[in-house]
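Coordinate analysis (summary)
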Amino acid sequence: MKKAVLALAAGLGLAVTGAQAQGNYPQRPITMVVPFAAGGPTDVIARIVGEHMSHTLGQQIVVENVAGAGGTTGITRASQAQPDGYTIMMGHMGTHGAAPALYPNLKYDPTKDFAPVGLAAGTPILIVARKDFPANDLKGFVEYVKTNGDKVNMAHAGVGSVSHMTGIFFSSVIKAKPTMVSYSGTGPALNDLMGNTVDFMTDQIVNVAPQIQGGTIKAYAIATPERSPVLPNVPTTKEAGLDGFEVSAWNAIFAPKGTSPEIVKKLNDALVKALDDQNTRKRLLDLGGVIPSGGDRSPEALQKLVDTEVARWTPVLKAAGNKTQ
Amino acid sequence: MGDLISNLSHGFGVALSLQNLGLAFLGCLVGTLIGVLPGVGPIATIAMLLPITFGLDPVGALIMLAGIYYGAQYGGSTTAILVNIPGEATSVVTTLDGHQMARQGRAGVALGIAAIGSFFAGTVATIVIAALGAPLTGLALIFGPAEYFALMVMGLVFAVVLARGSILKAVAMILLGVLLSTVGTDLETGQERMTFGLPFLSDGIDFAVLAMGVFGVAEILRNLDHTETRDVVRQAIGRLLPNRDDFKQAAPSVLRGTFIGAILGILPGNGAVLGPFASYTVEKKIAKDPSRFGRGAIEGVAGPESANNAGAQTSFIPLLTLGIPPNAVMALMVGAMTIHGIVPGPQVMTRNPDLFWGMIASMWIGNLMLLIINLPLVGMWVRLLKVPYHLMFPAILMFCCIGIYSINSLPTDVMFIGFFGIVGYLLIRFGFEPAPLLLGFVLGKLLEENLRRALILSRGSLSTFVDRPISAGLLVIAMILLALALLPSIRKGRDEVFTE
């Protein structure tokens, strides 16, 4: 009996503080889980956006890097946190799009287990090759990869990485099967691409732009509808004559499922404000980032994006037969 | 040459501004303190301090972060010498003779020679980066997977030489280390290996966890076991700084260590890790009396410590000239640069000369500051050994736990330190040494990855390792080293059969 009373009292207490918390949220620092190592593209975007959101919310957003298993370790942990708005996460194309196909034992469902907050920024994917690769444009390149098949070496930064997923996607679009060479991270992969050890890779603009500008590797196309101001000379895949390969590594903020709509709205408002801030925009654009506009910024738009991404990646990756048990 | 001097003076102009000097000092100080806390490595610290640098200009921010990096290298050696806990892979070797020196009451000498050797190595490495950085970049690019595999094979041979006692036991420990490194997700297929379905093993075992367990916790268990030995450390303090004889003995080792470390540091994929091991191997091989090694030989501290610092510094070359981070700390530096709007690449040198030359100049200034910070601290660290052990070991354990938790925020990491501590204690009791195990562990992953990568690229042909001149050369050196290491023991085996 005593126990029951205590439990009831504790429950009431929680309910009261819960209600208070919603009213004047946030009252203490917010933890943003970034499921990748500090310094990577997702981490950098989280920190740039988070910094401005902190000003708007009046509480610091603390980035916590929980890396592992292609980002699913951190997202699994954050998805199980209290849905009180004090734990949010930066998910991305891999954790909320490709993960269900790559990890059959995944502990969360990207389409159901989250309260989407909003899209932060995307980083376009480029098709790059070693600088003496014998093709001058994308058409010639695609032709070469198709003819030479597994004689061509494609580098990627490890199973589940953006370069891995987009590389598989690219191969399936052009219907070729290059030999895949796995690296532990983008750095070593780029190193061997510059050293002419491997032939090509597909990766995010942040990682490859400086090398393209420096002439140590060459770019065939950027997989976005429009050219990037960072690399104005690189044609889009469509311009270069390849249909069906348009992909960006998007990053978006999610809260655990059950987070109240008021809190989600506060977070989304702060995010939108950050994306409209001139300084924040400039920093994201300098990295080659693509900032979502108007309608793409809402929680509903993000939910739709996750649904379509899971539907897009699952067949592509399952067909390639790559999965983690 | 004239260019070099004008560039360097430009760099010093940037680095000597009051703000940048202050930031370099702050970084070095924080780095030293962090390095002394077991477990809290430079990676965790730089990640935690990244947001603080938002308000600074990029050059100042990077100077501070770089200061933390070398400060932590200095600090890491301090714990290796005093309490036998290597803060990082590169200070594993320092525990071998450094901690023995401390046990003999020569902790001050060991710390002093480590600081002075590191300063010398840092000075030379700074000049190497400034003068030869750009041309040396090519070296990083000719090292493909086959060359890297051969280098790792050579590294494993070093591990055999490291061993104090039985070669057979050393080989067993290396193999155990390699085996432990295969735990986790397979790089090519994404399948989990030897994880027993436990999610926290899917990314493998963390180096810091293993090192803290088999060195730190195991050492504490062993000390609690033998009351007498720890009193020796506590009572005999001895001289605080090296004297002329010490310098005479250590100077050639410092020179050799600097050279070895500087070259290995340039290689991509964490080649710097091999520096201290290679230097120790060389010192032990050319010493008149190799049996002193592992029992407090000053050369065994001076050489590896210089190699360690030289490598830490030259590993900035691939970052500054190519924009390619060779290890996890450098990857964080890339992150710090991108956050500040400088995307590192081949043009950093021409596009951001302030940053490039300013950082190089600040490296030397940072090294000087570390010497100034560390030499007076030697006395304090040594006095720390006087703290009664029953107060000291709970503190060490607590710092280990906090440190390891701060890296990945995983409670399982903390439990694993305890597990590896017990394993390490048993190994010590049965006469197995932990150092070859750690080297096997560090090299195992690189060995496997590069072997598979090289074979994929050669479409399965093993001749790729012999056809490529660099890889063939390295393999030949490895074989000669192995023969040299085994010969005496074979001879000894004939003389005193069954003594072991």
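Residues numbered from 1 in each chain as written. Chains lettered and ligands numbered in written order. Predicted model: local features only at pLDDT ≥ 70, side-chain atom pairs only at ≥ 80, totals over all residues.

A few points about the overall build of chain A
For chain A, the helix and strand inventory stands at eleven helices and nine strands. What you see for chain A is a C-alpha radius of gyration of 21 Å, in line with the 20 Å of a compact globule of 325 residues. Principal-axis analysis of the C-alpha atoms gives chain A an extent of 80 × 45 × 30 Å. Taken across its 325 residues, chain A has 54% of its residues classed as buried. Taking the intrachain contacts of chain A between residues at least 6 apart in sequence as the baseline, contacts between residues at least 24 apart amount to 77%. (Helix = DSSP H or I, 4+ residues; strand = E, 2+ residues; numbered from the N terminus. Rg over C-alpha atoms; globule rule 2.2 N^0.38 Å. Buried ≥ 20, exposed ≤ 12 C-beta atoms within 10 Å, placed from the backbone. Contact = placed C-beta atoms within 7 Å.)

So, the overall build of chain B
Each helix and strand in chain B was counted, giving 22 helices and two strands. Each principal axis of the C-alpha distribution contributes one length, and for chain B these read about 65 × 60 × 50 Å. Out of the 500 residues belonging to chain B, those deemed buried represent 58%.

Thoughts on helix α6 (residues 107-142) of chain B
Between the first and last C-alpha of α6 of chain B there are merely 42 Å, a value that for 36 residues lags more than 12% behind the 52 Å anticipated at 1.5 Å per step. Of all the bends in α6 of chain B, the greatest, near 80°, is centred on glycine 133 of chain B, and the proline proline 135 of chain B appears no more than four residues after it. (Expected span 1.5 Å × (residues − 1). Bend = angle between axes of the 7 residues up to and from the residue.)

Here's the deal with the interface of chain A and chain B
Facing 45 residues of chain A, the contacting portion of chain B comprises 41 residues. Within the residue set of the side of chain A that touches chain B, elements represented by two or more residues are α2 (41-57), β2 (61-65), β6 (179-182), α7 (186-194), α8 (205-213) and α10 (278-286) of chain A. A total of six residues in the side of chain A that touches chain B trace back to one element, the largest contributor, which is α7 of chain A. Taken together, the residues of the side of chain A that touches chain B break down into 16 nonpolar, 21 polar and eight charged. (Nonpolar A, V, L, I, M, F, W, Y, C, P; charged D, E, K, R; others polar.)

Topic: the domain arrangement of chain A
How big an interface is tends to be stated in terms of the accessible area lost upon association of its parts. Residue and element names in this part refer to chain A. With domains assigned, chain A is organised as domain 1 (30-122 + 250-320) and domain 2 (124-222). Each of domain 1 and domain 2 was reduced to a C-alpha centroid, and the two centroids are 27 Å apart. With 15 residues of domain 1 at the contact, the number on the domain 2 side is eleven residues. Taken together, the elements giving at least two residues each to the side of domain 1 that touches domain 2 come down to α4 (94-102) and α11 (299-320). When the residues that make up the side of domain 1 that touches domain 2 are grouped by side-chain class, the tally is eleven nonpolar, four polar and no charged. (Domains from an automatic or database assignment.)

Some words on the confidence of the model for chain B
Residue and element names in this part refer to chain B. Averaged over chain B, the pLDDT score is 82; the fraction of residues at 70 or greater is 91%. Least confident of the elements in chain B is helix α10 (residues 227-235), whose mean pLDDT is 51; most confident is helix α19 (residues 411-429), at 91. pLDDT under 50 marks residues 494-500. Its contacts with residues more than four places away, or in other chains, come to one contact. For this predicted complex, the interface confidence comes out at an ipTM of 0.78, alongside a pTM of 0.81. (pLDDT = per-residue confidence, 0-100.)

Topic: the confidence of the model for chain A
With 91% of its residues at a pLDDT of at least 70, chain A reaches an overall mean of 87. Every residue in residues 1-21 of chain A scores below 50 in pLDDT, and together they form two contacts with partners more than four places removed in sequence or on other chains.

Digging into the pairing of strand β4 (residues 114-130) of chain A
All names here are of chain A. Among the 17 residues in β4, 17 count as buried, and that is most of the element. Of the pairings in the sheet, the one linking β4 to strand β9 (residues 248-256) comprises nine bridges and is antiparallel in character. Of the residues in β9, the one forming a bridge with threonine 123 is alanine 249. Pairing analysis gives five bridges linking β4 to strand β7 (residues 200-204), with the strands arranged antiparallel. Paired with leucine 126 across the strands is aspartate 203, a residue of β7. (Pairing = 2+ DSSP bridges.)

Overview of the environment of methionine 93 of chain A
Residue and element names in this part refer to chain A. Within the fold, methionine 93 resides in the loop between β3 (87-92) and α4. Accessibility expressed as a C-beta count within 10 Å gives 28 for methionine 93, which makes it buried. A C-alpha to C-alpha distance of 25 Å links methionine 93 and proline 232, two positions 139 residues apart in sequence.

A look at the packing of helix α9 (residues 207-225) of chain B against helix α20 (residues 434-457) of chain B
Residue and element names in this part refer to chain B. One can describe the packing of α9 onto α20 by two numbers: an axis separation of 11 Å at closest approach and a directional angle of 180°. Judged by the inter-axis angle, α9 sits roughly antiparallel to α20. Residue-level contacts link Phe207, Leu210, Ala211, Val214, Phe215 and Ala218 of α9 to Pro434, Leu437, Leu438, Phe441 and Val442 of α20. Here the residues of the contact of α9 with α20 sort into eleven nonpolar, no polar and no charged. (Axes fitted to C-alpha atoms, helices over the stretch in contact; angles between N-to-C directions. Parallel < 35°, antiparallel > 145°, perpendicular 65-115°, else oblique.)

A short note on unusual backbone geometry
Cis geometry marks the peptide bond from tyrosine 25 of chain A to proline 26 of chain A; its omega dihedral reads -5°. Mapping proline 26 of chain A onto the fold places it in the loop between α1 (2-23) and β1 (30-34). One non-glycine residue, asparagine 196 of chain A, adopts positive backbone phi at about 60°. For asparagine 196 of chain A, a count of 15 C-beta atoms within 10 Å corresponds to the partly exposed category. Phi angles above zero are rare outside glycine, and arginine 459 of chain B is one such case at about 55°. Among the secondary structure elements, arginine 459 of chain B is positioned in the loop between α20 and α21 (464-467). What makes arginine 459 of chain B exposed here is the crowd of 11 C-beta atoms within 10 Å.

A short note on α9 of chain B
Residue and element names in this part refer to chain B. With 19 residues, α9 extends 26 Å from end C-alpha to end C-alpha; this agrees with the ideal 27 Å at 1.5 Å per step. Where α9 bends most, at glycine 213, the angle is about 35°. Within α9, 14 of the 19 residues are buried, which leaves it mostly tucked inside the rest of the structure.

A short note on the environment of glutamine 27 of chain A
Residue position: glutamine 27 of chain A is located in the loop between α1 and β1. Here glutamine 27 of chain A falls in the partly exposed class, since 13 other C-beta atoms lie within 10 Å of it.

Focus on the pairing of β6 of chain A
All names here are of chain A. Examined bridge by bridge, strand β5 (residues 153-156) and β6 share four bridges and lie parallel to one another. By the bridge assignment for β6, asparagine 153 is matched with threonine 179. Regarding topology, helix α6 (residues 162-174) serves as the crossover connection from β5 to the parallel β6, and that connection is right-handed. (Right-handed = clockwise from strand over helix to strand, strands pointing away.)

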